[in-house]
Protein chains: 2
Amino acid sequence: MADSKPLLSLDGDPMAAEALLQDVFGIVVDEVVRKGTSASEKVCEWKEPEELKQLLDLELRGEGESQQQILERCRAVIHYSVKTCHPRFFNQLFSGLDPHALAGRIITESLNTSQYTYEIAPVFVLMEEEVLRKLRALVGWSSGDGVFCPGRRPFFGLFKGGSISNMYAVNLARYQRYPDCKQRGLRALPPLALFTSKECHYSIKKGAAFLGLGTDSVRMVKADERGKMIPEDLERQISLAEAEGAVPFLVSATSGTTVLGAFDPLEAIADVCQRHGLWLHVDAAWGGSVLLSQTHRHLLNGIQRADSVAWNPHKLLSAGLQCSALLLRDTSNLLKRCHGSQASYLFQQDKFYDVALDTGDKVVQCGRRVDCLKLWLMWKAQGGQGLERRVDQAFALARYLVEELKKREGFELVMEPEFVNVCFWFVPPSLRGKKGSPDYSERLAKLQREARLPQVAPVLKERMVRKGSMMIGYQPHGSCGNFFRMVVANPALTRADMDFLLNELERLGQDL
Amino acid sequence: MADSKPLLSLDGDPMAAEALLQDVFGIVVDEVVRKGTSASEKVCEWKEPEELKQLLDLELRGEGESQQQILERCRAVIHYSVKTCHPRFFNQLFSGLDPHALAGRIITESLNTSQYTYEIAPVFVLMEEEVLRKLRALVGWSSGDGVFCPGRRPFFGLFKGGSISNMYAVNLARYQRYPDCKQRGLRALPPLALFTSKECHYSIKKGAAFLGLGTDSVRMVKADERGKMIPEDLERQISLAEAEGAVPFLVSATSGTTVLGAFDPLEAIADVCQRHGLWLHVDAAWGGSVLLSQTHRHLLNGIQRADSVAWNPHKLLSAGLQCSALLLRDTSNLLKRCHGSQASYLFQQDKFYDVALDTGDKVVQCGRRVDCLKLWLMWKAQGGQGLERRVDQAFALARYLVEELKKREGFELVMEPEFVNVCFWFVPPSLRGKKGSPDYSERLAKLQREARLPQVAPVLKERMVRKGSMMIGYQPHGSCGNFFRMVVANPALTRADMDFLLNELERLGQDL
């Protein structure tokens, strides 16, 4: 096979490297930037795993391949991948393609450096400082600390997994109270207790297990029917934990839960934390970006009273995976004391610049990807005002969707949303009653109980994915069987896309 | 200011997005691919932090900027960034620009998905499986498990920070022995002890603190003068820990230490682990890629007896940050049991495909970046044979450097290297004795004691960085004062670059 002649490695041949990269970039523009964002193309190209394996020819062999083959592989990888930038991709808490953010990511990848020292990342050490300062200012802090973390929770479902930011917060809180912990470990400490709402406990539990606290240390606080933590129950749980001999040390509140998009009442929770001297962490991974909106930031009132905030601009702001900030109110260098090696004699104090700029010791995982440029560049291009408009537009479109949904027979809201998560059931024709008739909600409850309604979503999901027309997630939640969760996150969405969503569900489910 | 008129967000305008990205890509090709890899350009453009802040105008404002301004910002970011792809960048354990790997990274960024479920990352779920299978096969395992982790340790210096892969290994080992730990935490367990060599204990200690074990749980095993763990001392430390009432559970050996490039004797260490029933983790982040070389893989003999292996192809293989694999011999689904939520009722078991393909539950941080494509594409293009040649060439060039260095008066090896780390002192003219003369090594030791030799490296480092001619790291190590550590990692290096390194140090230090 002449065409499978091993390719020269291109090492030290910038002309050949450039030519290859030009070709690949052409493919990216064609297949992702152009087709991937076009509503007239498919959002995904479903294949069964075994078939896809054959199509991709994944095996890694001893022989290299020709440039032509490599370019075909690039095309195939893109072709069979889900287009998360597509205007009909509603499946996750991120969607869309921000060209400035993507530009920042491409520059980041080409520079391929680590956010460790000023020596090897002068631009990004200073840039991260400024971006974190700006995010802190939006929280309401004029000083503090912070770091970009590798954790994030972009996927759908109740089980969210602990983000690294949240784990850092828990680790910092326990270190602040018991600095001994770092050296002597948890066996030297009393049993600890941390608190989070029922809506969020799986995420926090995963982190608690990793940190050696054990999942039992996580106490569940009740949430109301809208998914918001009940401060009075938090108070109760704290007393209960203390009565059982545990030492409460942290409350993790959530601004924007994954499924319902609920915002915990931060002021009331901060009051409880203050009374008991507990660290208040706010997981605002999803909802943090609302702080950019003058109109909607009241949803996070009280966040300035937190000790730590996790905020992922890769979600609502479309900065691109990953962009996950942990912000701290602390000004005592807690981050460095807690995660640093404190083996100061090992640091090169004889460097010719201020070694305080070497931020690598702040984090556990040490060398870090550069995650600030994509957000910085996007912000420079659009300004805070442009980003604010984007947030406001997402709220407005979610509102439009809710109103349209209410007008239609086949759709039923799980609840009135306060964020851009719109949770609803599709009720197929054969199950429909007359909306507004006296027995309507009774009828709906019966369909739920008999599990006939929850069976609808998986069928529709399979149909839309096989067709490639759109992607939207579903899940059960609490006592509610499977429902769809629409996320209005893609900044390119219009009312037409909302209409499409409803019409397409009608089309897909007309025979059910 | 007409030119600072806020830019339209480009949302929903693929033509404008495409035009911007074309322009940015042109800048990347110009400034990084072409100039950044050219020996006739500077490797860095040193500025004092305050001056650089002014030059970059980092502040994030309310107003957006024009496209022209944004493109200038892209140029400035690249201009003032260190070119890690430059043939004179010897500062870290990674260097160079592999165009196929960069192509993979650009595609990854443009597709912007999470390696969580088959639903949203069908190509990458299958691809990761194949890449991990291949890496495991090189370790010597025909079955097993694994995952790509966000951790990595690309920076220079003795203090390395715990990679996430290493922390995962420790967490898995303790869970395997005490599954209760996940729920009940470390307070329910006896005091645990883990072992690593003196060369590596800072990395592991950082992880032990985070995992709640405390740094005291890390027992230091002596290393010989070449930096290799002494198995007899490991045996001694295990007995000592047991005598003190601790339960040994894990040994972390290293294949390729950061400074000296030392390989621990894995067969002998595996014997000790087997005798005591301990989990053997091999941190082969740096040295793992040697497994590709038939000629040199004997350095890792015994690695197939490990329980877990950490391997970062972003280092010697230049796959690009980050690419960090944790490989496991386990076939009992330990990864999922340990890190998963075990809240099986939360998983959507009614999906229309095999949910075993949804790998997100394997990891603590949940949603994960796609880290497999860059390595896969590079491997496809070059074949295992191409990558093997690259590893062999790095060894050969390191050998060439050593021989050249021995010929010169002003250079003194710290030790004969066995890997591609070449550690040496530059002895400036005023301090030189006659090499080979009877009192030569005595004289060198005296210069060390008086700290006159260790003062040389920081001065030369400052000079080379200000000049932009090259970057090479230095540090003290054990009883040795500051010395240079040359890393032969950039696949584009030639003998001329080795000669340059030596000549440039002579030039920079001629007046010392």
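Here is what the cut-offs are and how they apply
- Residues numbered from 1 in each chain as written.
- Chains lettered and ligands numbered in written order.
- Predicted model: local features only at pLDDT ≥ 70, side-chain atom pairs only at ≥ 80, totals over all residues.
- Heavy atoms only, no water.
- Least-squares fit on C-alpha atoms with pLDDT ≥ 70 in both.
- Contact = heavy atoms within 4.5 Å.
- Axes fitted to C-alpha atoms, helices over the stretch in contact; angles between N-to-C directions.
- Helix = DSSP H or I, 4+ residues; strand = E, 2+ residues; numbered from the N terminus.
- Parallel < 35°, antiparallel > 145°, perpendicular 65-115°, else oblique.
- Nonpolar A, V, L, I, M, F, W, Y, C, P; charged D, E, K, R; others polar.
- Disulfide = S-S within 2.5 Å.
- Buried < 20%, exposed > 50% of the residue type's maximum accessible area, 1.4 Å probe, protein only.
- Expected span 1.5 Å × (residues − 1).
- Salt bridge = Lys/Arg side-chain N within 4 Å of Asp/Glu carboxyl O.
- UniProt positions renumbered as here; feature names shortened; annotations may be inferred.
- Polar contact = N/O pair within 3.5 Å; in protein donor to acceptor, adjacent residues only side chain to side chain.
- Pairing = 2+ DSSP bridges.

Participant: Before we go on, may I ask you to explain the relation of the copies chain A and chain B in this structure?
Facilitator: One copy of the chain maps onto the second through a rotation around an axis plus a translation along that axis. Structural alignment of chain A on chain B gives an RMSD of 0.0 Å, achieved by rotating through 180° and translating 0.0 Å along the axis. Taken together, these values place the two copies in the relation of a two-fold axis. Taking the C-alpha atom as reference, chain A places Leu211(A) closest to the rotation axis, 2.1 Å from it. Same-surface contact between copies: 100% of interface residues of chain A are shared with the interface of chain B.

Participant: Would you mind showing me how to read the packing of helix α2 (residues 49-56) of chain A against helix α5 (residues 122-139) of chain B here?
Facilitator: Two numbers describe how α2(A) lies on α5(B): the axes approach to 10 Å, and their chain directions differ by 75°. The angle between the axes of α2(A) and α5(B) places the two elements in the roughly perpendicular class. Side by side, α2(A) and α5(B) meet where Pro49(A), Leu52(A), Lys53(A) and Leu56(A) of the first sit next to Pro122(B), Val123(B), Leu126(B) and Glu129(B) of the second. Of the residues in the contact of α2(A) with α5(B), the class split is six nonpolar, no polar and two charged.

Participant: Would you take a moment to explain the state of the cysteines for this structure?
Facilitator: What is meant by a disulfide is a covalent connection between two cysteines, made through their sulfur atoms. Residue and element names in this part refer to chain B. For the coordinates displayed, the defined rule picks out zero disulfides over all chains. The structure places no disulfide on Cys44, whose sulfur is separated from the nearest cysteine sulfur, that of Cys85, by 12 Å. Among the cysteines around Cys338, which has no disulfide bond, Cys181 carries the closest sulfur, lying 8.0 Å off. The class of Cys338 is buried, set by a relative accessible area of 6%.

Participant: Before we go on, may I ask you to explain helix α4 (residues 99-111) of chain B in this structure?
Facilitator: Side chains three or four residues apart in an α-helix point the same way, a direct result of the helix having 3.6 residues per turn. All names here are of chain B. Between its first and last C-alpha, α4 extends 18 Å over 13 residues, near the 18 Å set by a 1.5 Å rise per residue. Among the 13 residues that make up α4, 13 are buried, leaving the element largely enclosed by the rest of the structure. Asn112 sits one or two residues past α4 and shows a positive phi near 40°.

Participant: Help me understand the pattern of salt bridges in this model?
Facilitator: Two side chains carrying opposite charge are able to pair once their charged atoms lie near each other. Residue and element names in this part refer to chain A. Counted by the stated rule, this structure contains 92 salt bridges over all chains. Taking the shortest distance from any N to any O, the salt bridge between Glu403 and Lys406 comes out at 3.9 Å. Here the residue Glu403 and the residue Lys406 both occupy positions in helix α12 (residues 373-407), the gap between them amounting to three residues, near one helical turn. Its relative accessible area of 33% is what places Glu403 among the partly exposed residues. Lys406 sits in the partly exposed class, given a relative accessible area of 37%. Between Arg432 and Glu506 there is a salt bridge; the shortest N-O distance is 3.1 Å. Linking Arg432 in the loop between β10 (421-426) and α13 (440-449) with Glu506 in helix α15 (residues 495-508), this pair joins segments that are 74 residues apart in sequence.

Participant: Would you take a moment to explain the UniProt feature "modified residue: N6-(pyridoxal phosphate)lysine" (unreviewed entry) in chain A for this structure?
Facilitator: Residues and elements named next belong to chain A. UniProt's feature table lists "modified residue: N6-(pyridoxal phosphate)lysine" (unreviewed entry) at Lys315, given in the numbering used throughout. Here Lys315 shows up in the loop between β7 (308-311) and β8 (324-328). Exposure remark for Lys315: the relative accessible area of 0% places this residue in the buried category.

Participant: Please explain helix α14 (residues 456-467) of chain B as it appears in this structure.
Facilitator: Residues and elements named next belong to chain B. With twelve residues, α14 extends 17 Å from end C-alpha to end C-alpha; this agrees with the ideal 16 Å at 1.5 Å per step. For α14, the full list of buried residues reads Val456, Ala457, Pro458, Leu460, Lys461, Met464 and Val465. Buried residues in α14 make contact with β10 (421-426), β11 (471-477), β12 (480-487) and α15 (495-508). Of the residues trailing α14, Gly468 is marked for its positive phi of about 80°.

Participant: Any chance you could explain the environment of Trp279(A) here in plain terms?
Facilitator: Residue and element names in this part refer to chain A. Its location among the elements puts Trp279 in strand β6 (residues 279-283). When near neighbours in sequence (up to four residues on either side) are disregarded, Trp279 contacts Ala169, Leu172, Ala173, Gln176, Phe249, Leu250, Val251, Cys273, Asp307, Ser308, Leu328 and Leu334. Within polar-contact distance, the side chain of Trp279 engages the side chain of Ser308 at 2.8 Å.

Participant: Even after reading the chapter, I still don't get unusual backbone geometry, so can you show me in this structure?
Facilitator: A negative phi angle characterises most non-glycine residues, just as the trans form characterises most peptide bonds. With an omega of -5°, the peptide bond between Leu321(A) and Gln322(A) qualifies as cis. For Asn112(B), which is not a glycine, the phi torsion comes out positive at approximately 40°. Inspection of the secondary structure puts Asn112(B) in the loop between α4 and α5. Using a relative accessible area of 8% as the deciding quantity, one classes Asn112(B) as buried.

Participant: Quick question: what am I supposed to make of the sheet that holds strand β2 (residues 145-149) of chain A here?
Facilitator: Strands belonging to one sheet form pairs held by backbone hydrogen bonds; the direction of such a pair is parallel or antiparallel. All names here are of chain A. One open sheet accounts for seven strands, arranged β2-β8-β7-β6-β5-β3-β4; its pairing is mixed. Looking at strand neighbours, the two that pair on one side only are β2 and β4 (218-221), the edges of this open sheet. Pairwise comparison of adjacent strand axes, ignoring direction, gives a mean angle of 20° for this sheet. Sitting on the sheet, helix α6 (residues 164-177) touches β2, β3 (192-197), β5 (247-254), β6, β7 and β8, and the angle it makes with β5 is about 150°. Helix-sheet contacts for helix α10 (residues 266-276) involve β5 and β6, and the interaxial angle to β6 is about 155°.

Participant: Would you mind going over the pairing of strand β2 (residues 145-149) of chain B with me for this structure?
Facilitator: For a regular strand, side chains alternate in direction, first toward one face of the sheet and then toward the other. Residues and elements named next belong to chain B. When you tally the buried positions in β2, you get five out of five residues, the bulk of the element. Side chains Asp145, Val147 and Cys149 of β2 all project onto a buried face; the interleaved residues Gly146 and Phe148 project onto the opposite face, where all are buried too. Sheet analysis places β2 next to strand β8 (residues 324-328), joined by five bridges and oriented antiparallel. What sits directly across from Cys149, in β8, is Ser324.

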